There are 2 protein chains.
Amino acid sequence: MTPVERAQMAMMLEVTASPKPGNVDRCHDYDTTRLEHFLASAILARPALEKAASAGACGGAGPGAGAGIGEVFREAVRLTTDHSGGNTHFGAFILLVPLLRGGDIPGAIQVVRETTVEDALEFYRAFSHVKVRMLPGDPLDVADPRALEAIRGRGMTLLDVMDHSREHDMVAREWINGFRLTRRAADELHRTGCGKEGVVGAFLRLLAAETDTFIVKEHGREVADEVRRKAGEVLAGRLDLAGFDAECIARGINPGSTADIIIAGIYIALGEGWEWDCSGKESTK
Amino acid sequence: MTPVERAQMAMMLEVTASPKPGNVDRCHDYDTTRLEHFLASAILARPALEKAASAGACGGAGPGAGAGIGEVFREAVRLTTDHSGGNTHFGAFILLVPLLRGGDIPGAIQVVRETTVEDALEFYRAFSHVKVRMLPGDPLDVADPRALEAIRGRGMTLLDVMDHSREHDMVAREWINGFRLTRRAADELHRTGCGKEGVVGAFLRLLAAETDTFIVKEHGREVADEVRRKAGEVLAGRLDLAGFDAECIARGINPGSTADIIIAGIYIALGEGWEWDCSGKESTK
């Protein structure tokens, strides 16, 4: 399995694992975003993932060579928004692109350090035509028309942008803290075991440990903290997983950032021999 | 969407559409073959699908140029059996490979006419290490060790092999009769409509019209004819689809050849503007 295939498999394995409280999975669609939108993105994002993994036409060695990271984001978003499902994997791309470029977590840390102002501008251009909000009310929110000017004026790199967002966005925070939760998600997968039971287990452990910032943005901190507590109760055997899932679905509570980090964790774990299908064979070859 | 992406999307859209009586779908796994095996095959088969679509390193124009069709089958089988799920898409590859090489149905008809004895030998080599039976009891069954010798001795091309299997295998029959059911599946998709409802509708219509030869091999002709009749009753509103699906699942009845033909039909229909996600946009670009 190539690194790009590992990234595609990670996107596929995350969305098909169930039951995951509140998220689209193989037995739950939302009205406008359905299972097949997520799977289409995993298939159709490939050229951008290849660009992320490649040193690119500019030649040059080292993790930062090739098409700029910002350009890769723009391509990934373009390839995966040509359908009616909207945002499926934008957060996952924020993690997968530097991981693919750098090869592993230490490499990705180096890649994000080398991002430029142009990467930040490309990133904003990518998201300007899709309905994603990173920092509502902030002049650096991707939906704010003044954002490009502000980034140029302040000379912000894409790493600076993520740093600016870190308090409100656990995916952006990964760029700052060395992909801490990505590493943890991979460790949880190794610990909870192979296949989709492993994915569900790692998902619940992450959800119980960290307040999902996507839920904070959509429903406020109180609801997000309630979800975190309840995930812990499911793990402790005091709350039924299926019931918790049904409650989240009914309330429209979708731990989307946790899902993004699980995808990055599956990508790492697959490279370390975690078995996606419990076949007893190493998943890498 | 490139032709290869259309093929991958077709594999994904077929398996995620539900409820389809008896088959693996997003809410039904079999013990050893699960949804994620089918989706992994759609992702991991890509290099073989690219080879099928490409004129190949040998240069040369025309639909028959490039890596031999038999070689492409061998590659596709190799890439998609490195997991515990076994046969997921072998029948689909028998249809998709000539369709990708030829571009469309008239092109595929030309491609299958140009297959060679070496293509037949490669095809048999591909299937020799996996548990697939095409003609149980026949010296040309892919599991029979004498098959390679028999093919060489008789000078059979891959088209001859499919001709030999046509009575017992509706997928092989497509090579002989000009991809008649593939065309019909695409027409049914245009007629029944966009998205997964369209896939389920086309699947039921095909199942009601043609006795599934995979069911014949597994359960005998009587059971296969019963399934065909019952699919017609579902279409006529006299039988509940969910109940029929549950009955098939309980009895282990899996209309696998119909699914293969639906995949080929989705591939064709996507190229003709059929909307996989009911977005109102053309699916080709």
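Computed from a predicted structure; not experimentally measured.

*Asks:* Which parts of the structure should I look at to understand the state of the cysteines?
*Replies:* Each disulfide consists of one covalent bond between the sulfur atoms belonging to two cysteines. Residues and elements named next belong to chain A. All told, the structure shown has two disulfides over all chains when counted by the stated rule. The disulfide bridge from C194 ends at C278, spanning 2.1 Å between sulfur atoms. In this structure, the disulfide formed by C194 and C278 twists by about 105 degrees around the S-S bond and is classed as right-handed. With a gap of 84 residues between them, C194 in the loop between α11 (180-192) and α12 (195-209) and C278 in the segment after α16 (256-271) connect regions that are remote in the sequence. When its relative accessible area of 35% is taken as the criterion, C278 is described as partly exposed.

*Asks:* Mind showing me how you'd approach the environment of V117(A) here?
*Replies:* Residue and element names in this part refer to chain A. Relative to the elements of secondary structure, V117 occurs in helix α7 (residues 117-127). Note: C-alpha distance between V117 and L270 (153 residues apart in sequence) is 33 Å. Beyond its immediate sequence surroundings of up to four residues, V117 is in contact with I151, G155, M156 and T157.

*Asks:* Please explain the interface of chain A and chain B as it appears in this structure.
*Replies:* By convention, interface size is frequently given as the accessible area that disappears when the constituent parts associate. If you look at the interface, chain A gives 36 residues, while chain B gives 35 residues. Regarding the contact of chain A and chain B, the summed buried area is about 3,000 Å², with carbon and sulfur atoms giving 56% of it. When residues of chain A are sorted by the area they lose upon contact with chain B, R26(A), E36(A) and I43(A) head the list and together hold 22% of the total. Run the count over chain A and chain B and you get two salt bridges. When the shortest N-O distance is used, the salt bridge between E50(B) and R46(A) registers 3.7 Å. In this structure, the connection of chain A to chain B is made through four residue pairs in polar contact (both at pLDDT 80 or more). Contributions of two or more residues to the side of chain A that touches chain B are made by α1 (3-16), α2 (35-44), α3 (46-53) and α4 (69-80) of chain A. Take the side of chain A that touches chain B: its biggest share by element is seven residues, from α2(A). Residue classes in the side of chain A that touches chain B are distributed as 13 nonpolar, nine polar and 14 charged.

*Asks:* Just to check I follow, could you spell out the packing of aromatic side chains for this structure?
*Replies:* The geometry of an aromatic ring pair is captured by two quantities: the separation of the ring centres and the angle between the planes. Residue and element names in this part refer to chain A. Across all of its chains, the model carries six aromatic pairs over all chains by this definition. Grouped by ring-pair contacts, the aromatic residues F73, F123, Y124 and W175 constitute a single cluster. The ring of Y267 carries the charged tip of R6 above its face, separated from the ring centre by 4.5 Å.

*Asks:* Is there a simple way to explain the pattern of salt bridges in this structure?
*Replies:* When the charged atoms of two side chains with opposite charge come close together, those side chains can pair. All chains considered together, the criterion is met by 44 salt bridges over all chains. The salt bridge involving D187(A) is made with R183(A); its shortest N-O contact spans 2.8 Å. A residue pair is termed a helical-turn pair when its members lie 3 or 4 positions apart in one helix, as D187(A) and R183(A) do in helix α11 at four residues. By relative accessible area, which is 27% here, R183(A) ends up partly exposed. For E122(B), the salt bridge goes to R74(B), with nearest N and O atoms at 2.8 Å. Of the two residues, E122(B) sits in helix α7 (residues 117-128) while R74(B) sits in helix α4 (residues 69-80), which places them 48 residues apart along the sequence. Judged by relative accessible area, E122(B) falls into the buried class, the value being 11%.

What counts and what doesn't
- Residues numbered from 1 in each chain as written.
- Chains lettered and ligands numbered in written order.
- Predicted model: local features only at pLDDT ≥ 70, side-chain atom pairs only at ≥ 80, totals over all residues.
- Heavy atoms only, no water.
- Disulfide = S-S within 2.5 Å.
- Helix = DSSP H or I, 4+ residues; strand = E, 2+ residues; numbered from the N terminus.
- Buried < 20%, exposed > 50% of the residue type's maximum accessible area, 1.4 Å probe, protein only.
- Contact = heavy atoms within 4.5 Å.
- Buried area = accessible area lost by both parts, 1.4 Å probe.
- Salt bridge = Lys/Arg side-chain N within 4 Å of Asp/Glu carboxyl O.
- Polar contact = N/O pair within 3.5 Å; in protein donor to acceptor, adjacent residues only side chain to side chain.
- Nonpolar A, V, L, I, M, F, W, Y, C, P; charged D, E, K, R; others polar.
- Phe/Tyr/Trp six-rings, centres within 6.5 Å; stacked < 30°, edge-to-face > 60°.
- Lys NZ or Arg CZ within 6 Å of the ring centre and 35° of its normal.

Keep in mind that these numbers describe shape and distance, not what the molecule does.
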